[in-house]
Every structure is written in C-alpha cells, then in structure tokens.
Amino acid sequence: MRNFTFISVLALAASVTATLDPADTNTKGKYPSKPSCSPVKTSKAIQAAECSHNTRTGKQTFAIFTTDHQYDHVNGAPYGTCQAYNCEPGTAMTSSKDSWTFFWSNAGESKGEGVGCIKDPNTGVCGCENSDGTFVPGASNCV
C-alpha cells in the first residue's frame, strides 16, 4: 500500500505544468528569508531536480526547495516542496540543511542547476519531464 500511495502522490505532482529550463545558479543549505513577493506556485512531493530543471511560472526568478524526509528512500531523492517565485529574492539568506534555492540568474553561490538529472522514481533512470508531466527516460530535450 505504501508504494501505491507514493505513486499516487507522484502522479498528482507530475500533473503540474512546468517547462524545461534548468536553473543558472543555486545555493544549497540556504533560502531567501525576505523575498519581495509570495510564491506564485507551490508543488509538493517532487524531486529537487524537478524544481531545479523546470520553471513553473511564466517569469520565474527563483525557487526554494525544502526536503520532505519521508521520501528519502525513493529513487530521485531528495523529494519535497518547491515554491516558485516571480520576484527578486532579496539579499538576506537563512541557513537550513533541508533547503536548496535555485536561481534563474547569477544570484546563487554555485553555477548550474546543482542537483543532477530528474530520475524515474521506480527505476532511477535519468530523463526529463515534458510540460504535461510525462517523464521521458533517457531524454534531455523535453518541452
């Protein structure tokens, strides 16, 4: 029953519309403490890689990922909540071992999306996800 519940959660999360557009920079272990707006979109039970590879809003500037440890044993972990923003993150950052911030600018501490590929939760095979939520194993050109 546990696998069925998890797959149901993943199916729900996969229904979120997203566009393949990997983050330019990232900061692991910190999140903006005073963004100049509220999140535009919140997606739960998704991989950090999904949060870092896909934009969820039309003008996304950054996304904060927070790990949900109940999924630590699943292929593609970490899983958690991704909050997507359309505003400036501000300069104040708060440390949190369970947070990872992805930027679609040069605002992060490290270059690139930072997390590696999006993985099939059942097989662990790398791939990408089309904007309709369909996972394509082995692909890197999703739309």
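As a starting point, this report considers the structure included with it. (Residues numbered from 1 in each chain as written. Predicted model: local features only at pLDDT ≥ 70, side-chain atom pairs only at ≥ 80, totals over all residues. Heavy atoms only, no water.)

1. Looking at the environment of Thr123
For Thr123, the position within the fold is in the loop between strand 9 (118-119) and strand 10 (126-129). For the pair Thr123 and Pro137, spaced 14 residues apart in sequence, the C-alpha separation works out to 9.6 Å. A distance of 3.2 Å separates the side chain of Thr123 from the backbone nitrogen of Val125, its partner in a polar contact. (Helix = DSSP H or I, 4+ residues; strand = E, 2+ residues; numbered from the N terminus. Polar contact = N/O pair within 3.5 Å; in protein donor to acceptor, adjacent residues only side chain to side chain.)

2. With respect to the state of the cysteines
Tallied over the full model, the rule gives four disulfides. Cys37 shares a disulfide with Cys87; S-S distance 2.1 Å. In this structure, the disulfide formed by Cys37 and Cys87 twists by about -80 degrees around the S-S bond and is classed as left-handed. With Cys37 in the loop between strand 2 (25-32) and strand 3 (41-47) and Cys87 in the loop between strand 6 (79-85) and strand 7 (93-103), this pair connects stretches of sequence that are 50 residues apart. Overall, Cys87 belongs to the buried group, its relative accessible area being 10%. (Disulfide = S-S within 2.5 Å. Buried < 20%, exposed > 50% of the residue type's maximum accessible area, 1.4 Å probe, protein only.)

3. Here's the deal with the pairing of strand 7
The pairing of strand 2 with strand 7 spans seven bridges and is classified as antiparallel. Looking across to strand 7, one finds that Thr25 is bridged to Phe103. In this structure, strand 5 (residues 62-67) lies alongside strand 7, joined through five bridges in antiparallel fashion. Bridging across to strand 7, Ile64 finds its partner in Thr101. (Pairing = 2+ DSSP bridges.)

4. As for the pattern of salt bridges
Counting across every chain of the model gives one salt bridge. Residues Lys30 and Glu109 are paired through a salt bridge, measuring 2.7 Å at the closest nitrogen-oxygen approach. Taken together, the residues span a long stretch of sequence, with Lys30 in strand 2 and Glu109 in the loop between strand 7 and strand 8 (110-111) at a distance of 79 residues. Judged by its relative accessible area of 26%, Lys30 is partly exposed. (Salt bridge = Lys/Arg side-chain N within 4 Å of Asp/Glu carboxyl O.)

5. Let's talk about the sheet that holds strand 11 (residues 135-137)
Spatially, the three strands line up as an open sheet ordered 9-10-11, and their pairing is antiparallel. Every other strand in the sheet has two partners, leaving strand 9 and strand 11 as the edge strands with one partner each. Two strands pair when backbone bridges link them, and strand 10 and strand 11 are joined in this way by three bridges, in the antiparallel orientation. Bridging from a neighbouring strand, Gly127 pairs with Pro137 of strand 11.

6. Observations concerning the sheet that holds strand 8
Strand-to-strand pairing in sheets goes through backbone hydrogen bonds, with the strands running parallel or antiparallel. Within the open sheet, the six strands sit side by side as 3-6-5-7-2-8. Their pairing is antiparallel. Single-partner strands in this sheet number two, and they are strand 3 and strand 8. Note: strand 3 against strand 6, five bridges, orientation antiparallel. Directly across from Gln47, in strand 6, lies its bridge partner Tyr79.

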